[in-house]
Amino acid sequence: MEPVSKPVLTHLLLEELYEASKVAKPTARGTALRYSSAGSCERQISYMGLGAKQNTPMDRSGAWATGLGTIVHEALQGAISRVYPRAEFEVSSQNGNISGSCDALVPGEDLNPEWAGTWVLYELKTMGTYSFDKQVGWNRMRGTVGMGEGPALKAITQAGMNALGIESERKIRIENVIMGSITFEALSKNKARNMDINEYNRQMAEFHVPREVWEPLALAEIKRFGSVADALERNIIGDVIALGDDGEKIMLNPESGKYWQCDYCAYRLTCMEDGPGILSVSDSVMEKQ
Ligand code: SF4
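Everything numeric here is computed off the predicted structure, so don't read it as measured data. (Residues numbered from 1 in each chain as written. Predicted model: local features only at pLDDT ≥ 70, side-chain atom pairs only at ≥ 80, totals over all residues.)

Engineer: Lay out the overall build of the protein with the relevant residues and their values.
Structural biologist: Secondary structure assignment for the protein yields 10 helices and 12 strands. Expected size for 289 residues packed as a compact globule is a radius of gyration near 19 Å; at 20 Å, the protein falls within 12% of this value. Over its C-alpha atoms, taken along the principal directions, the protein stretches across nearly 60 × 60 × 35 Å. Within the protein, the fraction of its 289 residues that count as buried is 32%. (Helix = DSSP H or I, 4+ residues; strand = E, 2+ residues; numbered from the N terminus. Rg over C-alpha atoms; globule rule 2.2 N^0.38 Å. Buried ≥ 20, exposed ≤ 12 C-beta atoms within 10 Å, placed from the backbone.)

Engineer: Explain the site of the ligand residue by residue, including any values.
Structural biologist: Looking at the ligand, the residues that line it are Cys41, Arg43, Gln44, Val240, Leu252, Pro254, Gln261, Cys262, Cys265, Tyr267, Arg268 and Cys271. Breaking the shell around the ligand down by element, the ones donating at least two residues are helix 2 (42–50), helix 9 (260–263) and helix 10 (268–274). Among the residues making up the shell around the ligand, the classes are represented as 8 nonpolar, 2 polar and 2 charged. (Near = placed C-beta within 6 Å. Nonpolar A, V, L, I, M, F, W, Y, C, P; charged D, E, K, R; others polar.)

Engineer: I'd like to hear about the packing of helix 1 (residues 12–21) against helix 3 (residues 60–83), residue by residue, with values.
Structural biologist: Relative to each other, helix 1 and helix 3 sit at 95°, their axes nearing to 8 Å. Classified by the angle between their axes, helix 1 and helix 3 sit roughly perpendicular to one another. Between helix 1 and helix 3, the residues in contact are Leu14, Leu17, Tyr18, Ala20 and Ser21 and Arg60, Ala63, Trp64, Thr66 and Gly67, respectively. The residue makeup of the contact of helix 1 with helix 3, split by class, is 6 nonpolar, 3 polar and 1 charged. (Axes fitted to C-alpha atoms, helices over the stretch in contact; angles between N-to-C directions. Parallel < 35°, antiparallel > 145°, perpendicular 65-115°, else oblique. Contact = placed C-beta atoms within 7 Å.)

Engineer: Residues and numbers for the nonpolar core, please.
Structural biologist: Among the nonpolar cores identified, the biggest contains 45 residues, and Leu105, Leu121, Ile156, Ala159, Ala163, Val177 and Trp214 are the most heavily contacted of them. The element best represented in this core is helix 6 (residues 153–170), accounting for 7 residues. If sequence neighbours within four positions are ignored, Leu121 has contacts with Cys102, Leu105, Ala159, Asn162, Ala163, Ile166, Ile174 and Val177. (Core = buried A, V, L, I, M, F, W, Y, C linked by C-beta atoms within 7 Å.)

Everything listed here is a matter of geometry and, on its own, says nothing about what the molecule does.
Spelled out as structure tokens, the structure:
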């Protein structure tokens, strides 16, 4: 039996999520820039900071992945609150003209007596199997486990930037950032047995990231965002430079089809017309929203 080309019921949640994805999300504190752009291309950060019109909107698959992620986030926050009633959610902070919020902020002693007197910032990411397997070092086809890469540096950086902002605003100390990763396809029972993967880790992973890892990443990114913001004050739009998987600077090219950052960028058409290199706002084809 073939699937019908025009569903009448099954697509309705997708349609709701797709419509919701068309509404631009404001930054947590109304700032021009957001922590969640950590690792992003300087050109994209500039367009966002200028309020440029998005001319390559998210497609339904993107809205599905993002929307399901939001549903899981809200459900997990509910579950955390029932076990840790002192946990706070969507705690926002501001660092100059960047802002954002974390998924949860929990008193350290509630989670581990060794963390007493400090707070733990929690950040959850939902993801497909490709990204998840890279983090935990799995090859599902072969049924092997190698050294995983751990959470994406850009995600740790985003969490760290918020941690620094919250620390300075609330005069508290955050030592550990906990990164949660959830994927939607569990490892099969058979493979889990052969790969010695426990019941939790068949579909999720949790990483406890100490301060010596997240703080330098966050400080470096706050500096990079600062340079982009300074350039924007002079009406200069940044170059097509992003951070790669290892935190190295990489030059993107939206025409090449090689970079996932560009595949998912809402400003791709504007960027292609503007061409590479830094440019002044008046030389850009960008339209304001
Ligand atoms: S299309 Fe690529 S290079 Fe251009 S702004 Fe977007 S991410 Fe940056």
